[in-house]
Amino acid sequence: MNGGDEGAESAAQASPPQPLEWKFSQVFGERTAGEEVQEVDIISAIEFDKTGDHLATGDRGGRVVLFERTDTKDHGGSRRDLERMDYSTSRHPEFRYKTEFQSHEPEVQEKKVKKIADMNVDPSKAVGNGNVASSSNNVSPKPYLANGGSPSKEFSFPPGGIPSLRLPTVTSNETSLVARCRRVYAHAHDYHINSISNNSDGETFISADDLRINLWNLEISNQSFNIVDVKPANMEDLTEVITSAEFHPTHCNMLAYSSSKGSIRLIDLRQSALCDSHAILFEEQEAPGSRSFFTEIIASISDIKFAKDGRHILSRDYMTLKLWDINMDSGPVATFQVHEYLRPKLCDLYENDSIFDKFECCLSGDGLRVATGSYSNLFRVFGCAPGSTEATTLEASKNPMRRQVQTPSRPSRSLSSITRVVRRGSDVPGVDTNGNSFDFTTKLLHLAWHPTENSIACAAANSLYMYYA
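Given the structure is predicted, the values throughout are model-derived calculations rather than measurements.

*Asks:* Sorry, what's going on with the environment of L211 here?
*Replies:* Among the structural elements, L211 can be located in the loop between β11 (204-208) and β12 (212-217). For the pair L211 and T243, spaced 32 residues apart in sequence, the C-alpha separation works out to 9.0 Å. Dropping the residues within four chain positions of it, L211 is found in contact with Y191, V228, D229, V230, K231, M235, L238, V241 and I242.

*Asks:* Could you clarify how one ought to interpret the pattern of salt bridges in this entry?
*Replies:* A pair can form between side chains of opposite charge whenever their charged atoms are brought close. Inspection of every chain in the model, using the stated rule, returns 22 salt bridges. Where R63 meets D59, a salt bridge forms, and the shortest distance between an N and an O atom there is 3.0 Å. Accessibility expressed as a relative area gives 28% for R63, which makes it partly exposed. E340 is the partner of R343 in a salt bridge, and the nearest nitrogen-oxygen pair spans 2.5 Å. The exposure class assigned to E340 is partly exposed, which follows from its relative accessible area of 23%. Three or more residues joined by partner-sharing salt bridges are found here, namely D59, R63 and E100.

*Asks:* Hey, could you run me through the environment of S25 in this one?
*Replies:* Here S25 shows up in strand β1 (residues 23-28). The exposure class of S25 is buried, given its relative accessible area of 11%. The spacing of S25 and M466 is 441 residues in sequence and 5.3 Å in space, taken between C-alpha atoms. Not counting residues within four places of it along the chain, the set of residues in contact with S25 comprises H92, P93, M466, Y467 and Y468. A distance of 2.8 Å separates the side chain of S25 from the backbone oxygen of P93, its partner in a polar contact.

*Asks:* I keep staring at the environment of M401 and nothing clicks. Help me out?
*Replies:* Structurally, M401 can be placed in the loop between β25 (391-395) and β26 (410-413). M401 gets classed as partly exposed once you look at its relative accessible area, which sits at 28%. Residues M401 and W22 lie 379 residues apart in sequence; the distance between their C-alpha atoms is 7.3 Å. When neighbours within four sequence positions are excluded, M401 is seen to be in contact with W22 and L394.

*Asks:* Help me understand the packing of aromatic side chains, please; the structure alone is not making it clear to me.
*Replies:* Ring pairs (aromatic) are described by centroid distance and by the angle formed between their planes. Inspection of the entire model under this criterion finds 20 aromatic pairs. Each ring, one from F28 and one from F67, has its centre 4.6 Å from the other, and the planes form 45°; the classification is tilted. Highlighted residues: F28 in strand β1 and F67 in strand β4 (residues 63-69), separated in sequence by 39 residues. Like F67, F28 is buried. Judged by centre distance (6.3 Å) and plane angle (10°), the rings of Y465 and Y467 are stacked. An aromatic cluster is built from F24, F379, Y465 and Y467, whose rings are joined through pairwise contacts.

*Asks:* Hey, could you run me through the pairing of β25 in this one?
*Replies:* Along any regular strand the residues' side chains alternate between the sheet's two faces. In terms of burial, β25 is a largely internal element, five of the five residues being buried. As paired strands, strand β24 (residues 378-383) and β25 are joined by five bridges and run antiparallel to one another. Opposite R380, over in β25, you have T393 as the bridge partner.

*Asks:* Just to check I follow, could you spell out the state of the cysteines for this structure?
*Replies:* Among covalent bonds in proteins, the disulfide is the one between the sulfur atoms of two cysteines. As enumerated under the stated definition, the model contains zero disulfides in all. Lacking any disulfide linkage, C362 is separated from the closest cysteine sulfur, that of C361, by 7.1 Å.

*Asks:* What is the right way to look at the sheet that holds β24 in this model?
*Replies:* As summarised here, the arrangement of the four strands in space is β22-β23-β24-β25, forming an open sheet in which the pairing is antiparallel. Lying at the two open borders of the sheet, with one neighbouring strand each, are β22 (361-363) and β25. Between one strand and the next, the sheet's axes are offset by a mean angle of 20°, whatever the strand orientation.

*Asks:* How should I be thinking about the nonpolar core in this particular structure?
*Replies:* Side chains of nonpolar character tend, in soluble globular proteins, to be buried together. If you look at the biggest cluster of nonpolar residues, it comprises 17 residues, and the most contacted ones within it are W22, F379, V381, L447, I456 and C458. Mapped by element, the contributors of at least two residues to this core are β24, β28 (447-449), β29 (455-460) and β30 (463-468). Broken down by element, this core gets its largest block of residues, three residues, from β29. Dropping the residues within four chain positions of it, W22 is found in contact with V381, L394, P400, M401, W449, N454, S455, I456, Y467, Y468 and A469. Core analysis: the next-biggest nonpolar cluster, separate from the first, contains 16 residues, Y341, L349, Y375 and F438 among them.

Calculation notes
Residue positions are given per chain, counted from 1 along the sequence in the order it is written. Residue-level local features of this predicted model are given only where pLDDT is at least 70; pairs of side-chain atoms are given and counted only at 80 or more, and the full residue set underlies all totals for whole chains, interfaces and linings. Working from all heavy atoms in the structure, the side-chain values ignore hydrogens and water. A run of H or I in DSSP counts as a helix once it spans at least four residues, and a run of E counts as a strand once it spans at least two, with each numbered from the N terminus. Two residues qualify as a contact provided that any one of their heavy atoms is within 4.5 Å of a heavy atom in the partner residue. The rule for a salt bridge is simple: a side-chain nitrogen of Lys or Arg has to be within 4 Å of a carboxyl oxygen of Asp or Glu. Relative accessibility thresholds used throughout: buried, under 20% of the residue-type maximum; exposed, over 50%; partly exposed, between the two (1.4 Å probe, protein chains only). Nitrogen and oxygen atoms within 3.5 Å of one another constitute a polar contact, given that in protein one can donate a hydrogen and the other can accept it, and given that sequence-neighbouring residues count only through two side-chain atoms. In this analysis, rings of Phe, Tyr and Trp, with Trp reduced to its six-membered ring, are considered paired at centre separations within 6.5 Å, and the interplanar angle assigns stacked below 30 degrees, edge-to-face beyond 60, and tilted for intermediate values. Here, any two strands with at least 2 DSSP bridges between them count as paired. Disulfides are defined as cysteine sulfur pairs within 2.5 Å. Interaxial angle, 0 to 180 degrees, is taken between N-to-C directions of lines fitted to C-alpha atoms, where a helix line uses only the stretch in contact. Each nonpolar core is a collection of buried residues, namely Ala, Val, Leu, Ile, Met, Phe, Trp, Tyr and Cys, held together in the definition by side-chain atoms within 4.5 Å.

Below, the structure is given as structure tokens:
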């Protein structure tokens with residue numbers, strides 16, 4: 001092979017992946033035209049388990065619903081096993097309702113399920129591969145096990161009648177599930193819990209509220225260790241609160257948490273019992289002359305997620321997604337404008353409290369793409385591989401590409417050669433880049449990316465939509 005061929009091959013390998021074409025998979029709880037949505041039915045949390053074969057949702061009424069994947073079960077074995085056997089997996093992923101349970105008692109005033117995690121309290125009794133849905137209300141994280149109950153059997157008799165007594169044939173043997181609360185980790189939070197995150201050691205997890213982060217052992221429910229406390233001696237001196245927290249995916253001694261001032265702190269549990277002094281601070285410097293009344297409000301980070309490789313952190317503030325390299329504290333390596341056309345409407349958004357909406361974010365398992373929600377039940381998917389210009393707008397409906405943005409993205413480089421800023425959007429107030437008016441009452445706050453496939457689950461009010469590419 002000559003030098004020219006090697007150069008062409010290298011260029012081909014370096015080229016970013018093509019934008020994905022998203023297709024509708026299925027919907028649960030689809031509303032009919034004019035149907036009124038009850039507040040308690042609005043979905044407030046979505047999470048895949050580590051295998052991607054189970055999906056859990058939580059709602060504002062404190063209910064957790066568990067879904068199970070079915071398109072791989074028809075042929076036996078996991079999807080990864082089927083791929084090794086060259087079995088065609090071109091069919092889209094399919095889930096079915098499995099079970100549900102009430103996470104919190106009726107007397108709990110604030111019952112909204114905020115976070116769902118995959119907690120292996122007792123793997124020998126857990127459903128599937130040790131899948132346990134854990135939910136949180138305002139004070140107590142709770143793990144639940146969906147245990148197999150008595151099998152329900154269906155019977156059929158041979159055709160042609162019954163000339164003599166015969167035993168019926170068992171045609172199915174499905175296990176009915178009964179959820180029971182295993183533990184209640186109580187009396188450790190005075191404020192609403194905003195995050196639950198499992199440690200990679202399989203033994204501990206954290207719960208976080210506005211002012212504190214507590215470390216728990218899964219087997220000990222009556223004691224926790226306070227590892228972060230930002231509460232000042234005088235509450236009048238409070239300037240920022242904790243908004244999200246997550247353990248590093250592989251390093252059990254590291255975790256990150258974000259704040260309402262737009263900063264992310266990476267801490268090391270080995271340094272001190274109380275980790276108030278951060279290991280690394282990540283924040284973007286404010287551009288001179290850009291400060292306004294809304295600057296601090298829209299800078300508040302509503303969600304952070306580690307990439308699977310542990311090298312990057314994705315954060316979502318009101319206007320943007322930012323991708324951070326944990327080895328670089330000079331600023332984000334990429335910034336994605338989610339709905340920049342809303343900037344002229346910040347005053348209106350403040351008046352109707354929409355500016356305080358907390359949007360979640362997620363990353364693909366391969367780390368090549370990121371996603372987050374917006375208004376009018378839209379969500380955005382961006383390519384974050386070097387050179388990628390992918391910036392897709394999708395609608396949570398059976399026709400997700402209906403409001404697809406046609407104009408190509410224009411990445412513009414900042415003074416730092418390694419920082420990429422993708423700027424998208426229209427300059428027309430109140431409309432998106434296709435000229436469609438925006439509905440601030442319909443918002444897509446919650447979504448999750450399948451851990452190994454290009455499949456996204458997202459919530460539009462009480463409806464769960466699923467898409468694949």
